[in-house]
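Take a look at the letters that make up each chain.
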Amino acid sequence: MKNSLILMATFLFLGSTTSKGASVDVVALDPCVESAFDAMEEMLDFGFTPEQAGCVGNLRLADCLGYEVIAGDYKGCL
Amino acid sequence: MNLKTLYFLLFLILPILSFSQTKGRIVYRIASEQPVSDEEESKRKEFVEFLNYMSEIRDSIPFNLDFDKQESVFYVDTETNVGLSDKQGYDAIIKSFNSYYRNEDAKTVIEKIIAERTYLVESKTTDIIWNITNEQKMIGNYTCIKATTNVSGYTATRGVFNKTVEAWFAPSIALPLGPKNYGGLPGLIMELTDMKFTYYVNSMNLEPDFDLEVKKPTRGKTISREDYYEMQPRISRENLKEFIGG
């Protein structure tokens, strides 16, 4: 249930950034997108797969958007 | 060339000339870089806790460098029970490391990558060009010299990028070997920093009393490093949504 909420939040968020006609630059400057991207980069630097990095990026985004995410949720990506 | 320079060169070259008869195992471990970010610590507390959790597991894993004459192989030692193997994510962390085969005669390195299938990524030992500096430090009882090299790397977010790798080698240990695909220095690499990881020698066994076999990997698709990079996904801020939540 919690994961579904996070997933939904992610798509809603991403949808909102583009449906309002936001340019690519605006998306890139969003601090939560930046947090998610940085987290993914960190995971990839540690040698994890893009899928694992994507999972962590999703949680990082949800965390940034105000959803409760705990360390145990991140562990589920491994 | 003055006499001092000549002695220094001999000091560097002699260990390599004498490498031909040895067999043994060097065990390395990792010290993971501490998480750093421009973001406020409180805003990524849970994520940092997760990164530290992974580091605790990773830093406990032994990596073996087995060598026999001109061949060597560097791999994660999954046999030794480190006490953390039952932790969540242990297997994923183990799988995040590749193994490397090296042949000094053939001047080849094969990186074995196990992904959706097994790839054998071939390169040359001579691809790595070291800059040996004058800096020295003691590691244990060994005087070590610093060397650096610039090599290419690849991650899905960075694409192909250049990075500087720093090594500290011990000329008194006549093995031109080291962690991962790094070697070719006139002495064993005792410490090596590659991005977020610092590999360091944990133990050495130069007269093993156990069976030690170095095998060239043969099963897998042989591919060049450039072609392997070409096959990998590319993640940018613009296409991020294709990779998250899926």
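Above this text is the structure in question.
Throughout what follows, the structure given in this document is the object of discussion. Worth saying up front: this structure is predicted, and the values here are computed from it rather than measured.

Before going further, it helps to spend a moment on the nonpolar core. When a protein is soluble and globular, its nonpolar side chains tend to lie buried together. Grouped together as the largest cluster of nonpolar side chains are 32 residues, with contacts concentrated most on A167, F169, L188, I189 and M190 of chain B. Setting aside anything within four residues of it in sequence, one finds A167 of chain B in contact with A147, G178, Y182, L185, I189 and L192 of chain B.

Regular strands place their side chains on alternate faces of the sheet. Residue and element names in this part refer to chain B. Counting buried residues in strand β10 (residues 188–194) gives six out of seven residues, a clear majority hidden from the surface. Note that β10 and strand β11 (residues 197–205) share four bridges and pair antiparallel. Bridge pairing in β11 links E191 to Y200. The loop that links β10 with its antiparallel partner β11 comprises two residues; one of these, M195, has a positive phi angle of about 55°.

Listed as interface residues are 34 residues of chain A and, on the opposing side, 27 residues of chain B. Mapped onto the side of chain A that touches chain B, the elements with two or more residues apiece are α1 (2–19), α2 (24–29), α3 (31–45), α4 (50–64) and α5 (71–75) of chain A. Considering each element in turn, the side of chain A that touches chain B owes the most residues, ten residues, to α3 of chain A. Grouping the amino acids of the side of chain A that touches chain B by side-chain chemistry returns 21 nonpolar, seven polar and six charged.

Here we take up the pairing of β11 of chain B. As paired elements, strand β1 (residues 23–32) of chain B and β11 of chain B share eight bridges and run antiparallel to each other. Its bridge partner being in β11 of chain B, I30 of chain B is matched across the sheet by Y199 of chain B.

Calculation rules
Sequence order as written defines the numbering, with residues in each chain counted from 1. Chains carry letters from A onward and ligands carry numbers from 1 onward, assigned in written order. With pLDDT at 70 or above as the cut-off, local features in this predicted model cover only qualifying residues; side-chain atom pairs require 80 or more to be listed or tallied, and sums for whole chains, interfaces and linings still use all residues. In this description, a nonpolar core means buried residues of the types Ala, Val, Leu, Ile, Met, Phe, Trp, Tyr and Cys, linked to one another by C-beta atoms lying within 7 Å. Neighbour density around each residue's C-beta defines its exposure: 20 or more other C-beta atoms within 10 Å make it buried, 12 or fewer make it exposed, and counts between make it partly exposed, where C-beta atoms are placed from the backbone. By the criterion used throughout, residues are in contact when their C-beta atoms, derived from the backbone, lie within 7 Å. In DSSP terms, a helix is any run of H or I states spanning at least four residues, a strand is any run of E spanning at least two, and both are numbered starting from the N terminus. Two strands are said to pair when DSSP picks up at least two bridges between them. Gly is placed with the polar residues, together with every amino acid not listed as nonpolar (Ala, Val, Leu, Ile, Met, Phe, Trp, Tyr, Cys and Pro) or charged (Asp, Glu, Lys and Arg).

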